[in-house]
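# Understanding the architecture of this molecule
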Amino acid sequence: MASVGKKKFQTPHTYLIIFGIVILSWLLTMVVPAGKYSTEVLNYEGKNGETQSRVVLKENSFRYMYPVKEEVLKKELSELLSQDDLLLRLEVDRTGLADLLNKSDDITIDELASVGLEESELYDLYGNSIYDTSQKLHKTAKVWGTQDHNGFGFLNYVFEGLVTGDRYGSAVGIVALLLVVGGAFGIIMRTGAIDAGIYAFVSSAKGMEHLALPVIFFLFSFAGATFGASEQVIPFVMVIAPFCVALGYDSITAVTITFVASQIGNACSWMSPFSIAIAQGIAGLPALSGAGFRIIMWFVITSLSCAFMMRYAKKIHQNPQLSPSYHSDAFFRGNADLDKDKERPFLLGHKIILIELLLGLVWIVYGVMAADFSIPELASQFFVIGLIAGITALGCRLDGLTANDLAIAFKDGVSDLAPTAVVVGMAKGILLVLGGSDAGSFSTLNTILYSVGRLLSGIPSIFGAWFMYIFQSFFNLIVTSNSGQAALTMPIMAPLADIIGVSRQVAVLAFQLGSGFVDAFTPVSASLVGCLAAARIDWSNWAKFQVKMQGFLFLLGTVFIVIAIAIGYQ
């Protein structure tokens, strides 16, 4: 009888990992009660001195979700009905409120909101007196259902996640960007210009290729530090991944010198309008203050991280089969066809397309930095770049291409990134299962945030700052938006810093280090997932490498947190 060997353990697919997180999140909502904050609009100084606004949390406004005391509520509302000035200021529908009071059924918070009286306004007026505080309520999604039928069910997390948001962000905007960029680069790759350019570079720059890696790393780190580059990196990965594989490295190296570098820059930024400017404004600090320390930190951490990357790249260059992405990199090795004995012509049409691509990328960088371009403009820019490349290929008759060939290339590019678009929706669905990330709505996520804030009070300052850093790192596993994380956490972390004897500047530092580094690891990050898709890397393979780098980055972050405490960083 033939012996049956043990099956080798297979790392779960990204879809399975996210589904597991969804189940755990759903179960967590059964244990942790829902809570919320009251919010207000805070004005702060932007990077150019202009006044900007942000919705932040009011201090000491957290409360759990409790049942309503109907008798007390109706008594208070009856008295409110006679206060015309207050009703006018609150913009309450007097007739609608009177109708609610006259009905025999219990009045719900949602019904009051329909006549213009929000729960936060009720809380400001009456506090907890209208609630039965002896019973904390949970906000748990149903097993199945939609917003229109039976209410949101966690098994609908994929669809609801995909249709959440708007054209300017996750998930709708990111999904559309991925598909358009995928199609555009499908055309560019089909022209053969990138393959021919890589072959020409490798053939003419032998012995000097390794110098490109640190240069690219520093460039993307600077982009992250200055304008918070994140999803903007995705198209660059599509170009640099085949470039790195052709040089004898791997696609993991490509994502590291682009996306990871940009997030390191973001974590150490002294001027990003999407993270530090907002966090400092919420914390009540001067805009972009403390820049000197952060510039030094950016240079040191970028340099050491680059050295970490080069050590890994050197190992892969010596033995490519050690790469976790070795098998998926076969796509780039096959496409590039860099057979040393085979000549690949680098034609005029190829050169024109590469120049157009370079000018297009410069246009993108200019648009993001100087014209405030966002996802809709980026998608349009990439489509134009792909279209012009296709027209050039037809005009120069490259490889006998026809218009139908380019249309098929666009379709194939879209289909390549379609699975990733689903992941973006899945990741967004996790937040929906936890009740959403809106601080002004009852959710399990708000309660988790509040509980951690209380846990950190009353401990030595150096440990308090370190645990702030740890908390921000773990929080970023779920909420990957830097501006969103700043809005959710800084209203608590800033006053908490005062309590434990840590400067608010250190609290902001803990926020940016935690929110920046982990963005390069968490599968919830739409930008990371997009970059991995562009490089054809499964997240499980990426994690095998990145978990080591995350440990290294966490150590560096800890060192700078300790230094900041030691020098009294203000």
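A short tour of the structure in this document, coming up. Chains are numbered independently. Their residues run from 1 in the order of the written sequence. For this predicted model, a pLDDT threshold of at least 70 governs which residues receive local features, and a threshold of 80 or more governs which side-chain atom pairs are given and counted, while totals over whole chains, interfaces and linings are taken from all residues. Side-chain calculation: all heavy atoms of the structure are included, whereas hydrogens and water are not.

### Here we look at the overall build of the chain
Applied cut-off: Each helix corresponds to a stretch of at least 4 residues labelled H or I by DSSP, and each strand to a stretch of at least 2 residues labelled E; elements are numbered beginning at the N terminus. Burial classes follow relative accessibility: with a 1.4 Å probe on protein chains only, a residue under 20% of its type's maximum area counts as buried, one over 50% as exposed, and anything between as partly exposed. By definition, residues are in contact when any of their heavy atoms lie within 4.5 Å. Here, Shrake-Rupley sampling with a 1.4 Å probe gives the accessible areas, and only protein chains in the shown set may cover a residue.
For the chain, the count of helices and strands is 24 helices and four strands. Residues counted as buried form 52% of the 570 residues belonging to the chain. The contacts of the chain with a sequence gap of at least 6 include a subset with a gap of at least 24, amounting to 77%. By element, 61% of the accessible surface of the chain is carried by carbon and sulfur atoms, the whole surface being about 25300 Å².

### Focus on helix 4 (residues 94-102)
Residues separated by three or four positions in an α-helix point in the same direction, a consequence of the helix having 3.6 residues per turn. Let me state the cut-off plainly: Arc definition: directions from the helix axis to the C-beta atoms. The term polar contact refers here to a pair of N or O atoms within 3.5 Å; inside protein, the definition further demands a hydrogen-donor-capable atom paired with an acceptor-capable atom, and it admits residues adjacent in sequence only when both atoms are side-chain atoms.
Within helix 4 the residues assigned to the buried category are G96, L97, L100 and L101. The buried residues of helix 4 occupy an angular sector of 140° when projected down its axis, which confines them to one face. Structural note: helix 4 exposes T95 and N102 on the side pointing more than 90 degrees away from its buried face. As for helix 4, its buried residues are in contact with helix 2 (70-80), helix 3 (84-90) and helix 5 (109-114). The residue sitting at the N-terminus of helix 4 and contributing the capping side-chain oxygen is D93; that oxygen lies 3.3 Å from the backbone nitrogen of T95.

### As for the packing of aromatic side chains
What counts, and what does not: Two rings belonging to Phe, Tyr or Trp (six-membered ring only in the last case) form a pair when the distance between their centres is within 6.5 Å. Interplanar angles under 30 degrees mark stacking, angles over 60 mark edge-to-face geometry, and anything in between is tilted. Sitting over a ring, as applied to charges here, requires NZ of Lys or CZ of Arg to be within 6 Å of the ring centre and within 35 degrees of the ring normal.
For the coordinates displayed, the defined rule picks out 24 aromatic pairs. Ring centres 5.6 Å apart and planes at 70° place the aromatic pair W270 and W298 in the edge-to-face group. On the criterion of sequence distance, the pair formed by W270 in the loop between helix 12 (251-267) and helix 13 (276-283) and W298 in helix 14 (residues 291-318) is long-range, its members being 28 residues apart. Like W270, the residue W298 is buried in the burial classification. Ring pairs connect the aromatic residues Y37, F62, Y64, Y66, Y131 and Y450, which therefore count as one cluster. Over the ring of F442 we find K36; its NZ or CZ atom is 5.3 Å from the centre of that ring. When the ring centre of Y123 is taken as reference, the NZ or CZ atom of R63 above it lies at 4.1 Å.

### Some details on the side chain of Q550
As for its placement among the helices and strands, Q550 is situated in helix 24 (residues 539-566). In this structure, Q550 is in contact with F517, V518, A520 and F521, ignoring residues within four places of it in sequence.

### Describing the pattern of salt bridges
Threshold: Definition used for salt bridges: Asp or Glu carboxyl oxygen within 4 Å of a side-chain nitrogen of Lys or Arg.
For the structure shown, the criterion picks out seven salt bridges. Linking E79 and K75 is a salt bridge whose minimum nitrogen-to-oxygen distance equals 3.2 Å. In this pair, E79 and K75 are both assigned in helix 2, four residues apart and thus about one turn of the helix distant. For E79, a relative accessible area of 39% puts it in the partly exposed group. Taking the shortest distance from any N to any O, the salt bridge between D412 and K411 comes out at 3.9 Å.

### With respect to the nonpolar core
Condition: Buried Ala, Val, Leu, Ile, Met, Phe, Trp, Tyr and Cys residues form a nonpolar core when they are joined through side-chain atoms within 4.5 Å.
Judged by nonpolar contacts, the single largest core of 164 residues is most densely connected at L77, L112, V255, F382, M490 and W542. Not counting residues within four places of it along the chain, the set of residues in contact with F382 comprises L177, V181, A184, F185, P235, L361 and I364.

### So, the side chain of S269
Mapped onto the elements of the fold, S269 is located in the loop between helix 12 and helix 13. Those residues in contact with S269, other than ones at most four positions away along the chain, are A225, I276, R294 and Q512.

### With respect to unusual backbone geometry
Residues other than glycine seldom take positive phi values, yet E91 does so here, at roughly 60°. Take E91: it is sitting in the loop between helix 3 and helix 4. Residues other than glycine seldom take positive phi values, yet R536 does so here, at roughly 60°. Note on R536: relative accessible area 28%, which makes it partly exposed.

### Remarks on the environment of Q505
The topology assignment puts Q505 in helix 22 (residues 504-517). Residues Q505 and G568 lie 63 residues apart in sequence; the distance between their C-alpha atoms is 9.5 Å. Side-chain polar atoms of Q505 contact the side chain of S289, separated by 3.1 Å.

### Concerning the packing of helix 11 (residues 234-246) against helix 12
Note the cut-off: To get an axis, a line is fitted to the C-alpha atoms, and for a helix only the part in contact is used. The angle between two axes follows their N-to-C directions and goes from 0 to 180 degrees. The cut-offs work like this: below 35 degrees is roughly parallel, past 145 is roughly antiparallel, 65 to 115 is roughly perpendicular, and the gaps in between are oblique. The hand of a helix crossing depends on one turn: near helix anticlockwise from the far one by less than a right angle means left-handed, and clockwise means right-handed. Three classes are used, and their members are as follows: Ala, Val, Leu, Ile, Met, Phe, Trp, Tyr, Cys and Pro are nonpolar, Asp, Glu, Lys and Arg are charged, and the others, Gly among them, are polar.
For the pair helix 11 and helix 12, interaxial distance at closest approach is 8 Å and the crossing angle is 135°. By the angle between their directions, the pair helix 11 and helix 12 is classed as oblique. For the element pair helix 11 and helix 12, the recorded crossing hand is right-handed. Touching V237, I240, A241, C244 and V245 of helix 11 are S251, T253, A254, V255, I257 and T258, all from helix 12. Its residues placed into classes, the contact of helix 11 with helix 12 shows eight nonpolar, three polar and no charged.

### Points about a nonpolar patch on the surface
Cut-off, in case you're wondering: Note that patches include only residues with greater than 30% relative accessible area and no salt bridge, and the join distances are 9 Å for like charges and 5 Å for nonpolar side chains (Val, Leu, Ile, Met, Phe, Trp, Tyr).
Taken together, W363, Y366, F383, V384, L387, I388 and I391 make up a surface patch of nonpolar side chains, about 660 Å² in accessible area. Where the nonpolar patch is concerned, the elements lending two or more residues are helix 16 (348-370) and helix 17 (375-395). Counting residues per element, the nonpolar patch draws most heavily on helix 17, at five residues. The residue V384 is located in helix 17 in this model. On the basis of relative accessible area, V384 is assigned to the partly exposed category, the value being 30%.

### Points about the environment of Y123
Structurally, Y123 can be placed in helix 6 (residues 119-126). Residue Y123 is classed as buried on the basis of its relative accessible area of 16%. Apart from the residues lying within four places of it in its own chain, the contact partners of Y123 are S38, S61, F62, R63 and N128.

### With respect to helix 23 (residues 526-534)
With respect to burial, helix 23 is a largely interior element, nine of its nine residues being buried. Inspection of helix 23 places A526, S527, L528, V529, G530, C531, L532, A533 and A534 among the buried residues, and these make up the whole buried set. Two residues or fewer past helix 23, R536 is found with a positive phi of approximately 60°.

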